[in-house]
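Fold and contact review
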Amino acid sequence: MQIRNVYGIDLGTSTVKIYDLKKDTITKEKNMIAIRNREQVIAVGNYAYEMHERTPSNIEVITPMSNGRIANVLMVEAVLHTLLHRCTRHMGYRPELYFSVPCDMTEIERRSYYTIAHKGALKNCRMYLVDKPIADALALGIPINRTKGSMIVNIGAQSTEISVIANTRVIFSRIIPVGGKQFNESICNLNRRKNNFQIGSKTAKRVKIALADLGTDKKEARKVRGVDGASGLPMEGIITSSLVNEALLSGVNEIGEEIKHALERTPPQIHDHIQKEGIYITGGSTRIPNIDRYLSRQLGCPVQLSQYYDLCTICGLKELITHDALHRWAYTVNKKK
């Protein structure tokens with residue numbers, strides 16, 4: 001029996017993850033597109049990311065997603081189709097696409113996924129949507145049919161989704177605009193104010209992972225290249241771990257406060273089960289060292305860190321695609337179960 005052409009797709013704000021059932025592989029590329037003179041696409045994915053912060057004025061490198069949602073339909077369409085063709089040359093006559101999507105989407109937002117998919121070689125595809133908390137739960141091994149209450153916090157590139165699963169469904173989901181991009185911007189802004197030189201977002205991302213330590217008073221530093229705030233000339237400067245930690249604390253504390261508000265809105269019996277089981281955190285921004293321990297102290301309950309990080313959602317889609325019994329959690333654009 002021939003294996004179907006089935007693809008799981010996680011359109012993240014920072015990266016696009018694609019699971020190919022035939023090859024049993026996960027492809028990960030940056031969700032970026034480079035445009036010349038606002039009309040000609042010249043690079044997509046990792047190639048566009050290499051151009052980021054290095055382009056002349058007539059070339060713009062953008063991310064067509066915002067806070068986990070589609071911001072520019074045409075650009076997302078270009079990114080999706082290009083990256084799918086990089087994964088496989090032959091997608092078949094009627095491939096199946098499984099998209100992970102936020103829970104609280106409007107009808108128009110759901111239709112936008114239909115629009116970007118049914119074009120070109122995919123015009124005859126069968127498309128299904130899967131709520132991101134459900135996909136995360138499948139990857140984390142949470143028994144959705146039996147759980148009495150589980151909380152999943154996905155800290156992504158531009159947003160954090162806080163969800164509660166109970167009674168075989170998502171009973172609560174809230175998205176707040178705090179994520180890796182905001183952490184990077186905080187590091188850039190604090191460094192500019194304290195050290196009077198500007199660094200780029202790529203540099204901020206590197207020092208965030210290398211120097212941040214929310215659990216101890218680590219004292220380390222890195223020499224980085226930036227731009228002098230007074231002269232505008234390139235220069236080398238020092239960034240310390242204390243500066244990075246100070247820049248991250250406000251965003252991490254905001255996430256902790258939002259989790260507390262979500263717990264307050266949860267029914268008592270479900271709240272008690274979450275307190276015993278612990279809160280699951282996942283997403284690319286959970287690579288910040290000791291973020292799980294810091295949140296555990298702030299919330300007063302166990303916090304379990306997923307080792308999948310930003311691949312958690314796509315691994316959940318893989319579980320759903322490869323197990324027929326889990327297909328009940330997928331729905332079409334016009335009918336949400």
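The text that follows walks through the structure, step by step, so that each part is easy to find. Bear in mind the structure is a predicted one, so any value in this text is a computation, not a measurement. (Residues numbered from 1 in each chain as written. Predicted model: local features only at pLDDT ≥ 70, side-chain atom pairs only at ≥ 80, totals over all residues. Heavy atoms only, no water.)

Examining the overall build of the protein chain
A tally of regular secondary structure across the protein chain gives ten helices and 18 strands. For 337 residues, the compact-globule formula gives about 20 Å, and the C-alpha radius of gyration of the protein chain, at 21 Å, lands near that figure. For the protein chain, the spread of C-alpha atoms along the principal axes amounts to about 65 × 55 × 35 Å. Counting across all 337 residues of the protein chain, residues that qualify as buried make up 52%. Summarising the internal contacts of the protein chain: among those between residues at least 6 apart in sequence, 62% fall at separations of at least 24. Accessible surface, the protein chain: about 16000 Å² in total, of which carbon and sulfur atoms supply 48%. Each charge class in the protein chain can be summarised by its mean position, and for the 47 positive and 33 negative side chains these summaries are 3 Å apart. (Helix = DSSP H or I, 4+ residues; strand = E, 2+ residues; numbered from the N terminus. Rg over C-alpha atoms; globule rule 2.2 N^0.38 Å. Buried < 20%, exposed > 50% of the residue type's maximum accessible area, 1.4 Å probe, protein only. Contact = heavy atoms within 4.5 Å. Areas by Shrake-Rupley, 256 points an atom, 1.4 Å probe, with all protein chains shown as cover. Lys, Arg positive; Asp, Glu negative; His and termini not counted. Charge placed at Lys NZ, Arg CZ, Asp CG, Glu CD.)

Details of the nonpolar core
Ranked by internal contacts, the top residues of the largest apolar core, which has 42 residues, are M151, V153, I259 and I279. In terms of residue count, the dominant contributor to this core is helix 7 (residues 241-264) (nine residues). Discounting residues that sit within four places of it in the chain, I279 has contacts with M151, V153, I259, L263, I274, L299, C301, P302, V303 and Q304. By size, the runner-up hydrophobic cluster in this structure holds 31 residues, among which are I9, Y113, I116 and M127. (Core = buried A, V, L, I, M, F, W, Y, C linked by side-chain atoms within 4.5 Å.)

Some points on the packing of helix 5 (residues 180-195) against helix 7
Two quantities define a packed helix pair, namely the angle between the helix axes and the distance between the axes. Orientation of helix 5 relative to helix 7, taken along the N-to-C sense of each, is 140°, at an axis distance of 8 Å. The orientation of helix 5 relative to helix 7 falls into the category oblique. Regarding helix 5 and helix 7, the two cross each other, and that crossing is right-handed. Contacts from F183, S186, I187, L190, N191, K194 and N195 in helix 5 reach L243, V244, E246, A247, L248, G251, V252 and I255 in helix 7. Along the lines of polarity and charge, the residues of the contact of helix 5 with helix 7 split into nine nonpolar, four polar and two charged. (Axes fitted to C-alpha atoms, helices over the stretch in contact; angles between N-to-C directions. Parallel < 35°, antiparallel > 145°, perpendicular 65-115°, else oblique. Left-handed = near helix turned anticlockwise from the far one by under 90°. Nonpolar A, V, L, I, M, F, W, Y, C, P; charged D, E, K, R; others polar.)

Some thoughts on the pairing of strand 17 (residues 279-282)
On a regular strand, one side chain projects to one face of the sheet and the next to the other, so that they alternate. The alternating pattern of strand 17 places I279 and I281 and Y280 and T282 on opposite faces, both of which are buried. Here strand 11 (residues 150-155) pairs with strand 17 via four bridges, running parallel. Among the inter-strand pairings, M151 is bridged to a residue of strand 17, identified as I279. Where strand 17 lies against strand 18 (residues 303-305), three bridges are found, and the strand directions are parallel. Looking at strand 18, one finds that Y280 is bridged to Q304. Chirality of the crossover, the property in question, places the unit of strand 17, helix 9 (residues 291-299) and strand 18 among those that are right-handed. (Pairing = 2+ DSSP bridges. Right-handed = clockwise from strand over helix to strand, strands pointing away.)

Concerning the pattern of salt bridges
By the definition in use, this model includes 17 salt bridges. Within this structure, D10, K17 and K132 form a network of salt bridges that share partners. (Salt bridge = Lys/Arg side-chain N within 4 Å of Asp/Glu carboxyl O.)

Here we look at the sheet that holds strand 15 (residues 221-228)
Where strands meet in a sheet, backbone hydrogen bonds hold them as pairs that are either parallel or antiparallel. An order of 14-15-16 is seen for the three strands of this open sheet, with the pairing classed as antiparallel. Bordering the open sheet on either side are strand 14 (197-198) and strand 16 (234-240), each of which pairs with just one other strand. Bridge count between strand 14 and strand 15: two bridges; the pairing is antiparallel. Counterpart to F197 in the pairing with strand 15 is D228.

Some details on the side chain of D20
Looking at where D20 falls in the secondary structure, it is placed in strand 2 (residues 15-20). At 3.0 Å, the side chain of D20 and the backbone nitrogen of K22 are in polar contact. Excluding residues that lie within four positions of it along the chain, D20 makes contacts with V6, Y7, T25, C87 and T88. (Polar contact = N/O pair within 3.5 Å; in protein donor to acceptor, adjacent residues only side chain to side chain.)

Considering the packing of aromatic side chains
Taken as a whole and judged by the stated rule, the model has two aromatic pairs. With a centroid separation of 5.0 Å and an interplanar angle of 25°, the aromatic rings of Y98 and Y128 are classed as stacked. Note that Y98 is positioned in strand 9 (residues 96-101) and Y128 in strand 10 (residues 126-131), a separation of 30 residues in sequence. Accessibility expressed as a relative area gives 22% for Y128, which makes it partly exposed. Considering the side-chain rings of F99 and Y113, the 5.5 Å spacing of their centres and the 65° angle between planes classify their relative orientation as edge-to-face. Placement of the pair is F99 in strand 9 and Y113 in helix 3 (residues 107-117), with a sequence separation of 14 residues. If you follow K202 out to its NZ or CZ, it ends over the ring of Y49, 4.5 Å from the centre. Seen from the ring of W329, R328 lies directly overhead, with NZ or CZ sitting 4.5 Å from the centre. (Phe/Tyr/Trp six-rings, centres within 6.5 Å; stacked < 30°, edge-to-face > 60°. Lys NZ or Arg CZ within 6 Å of the ring centre and 35° of its normal.)

So yeah, pure geometry; function would need other evidence.
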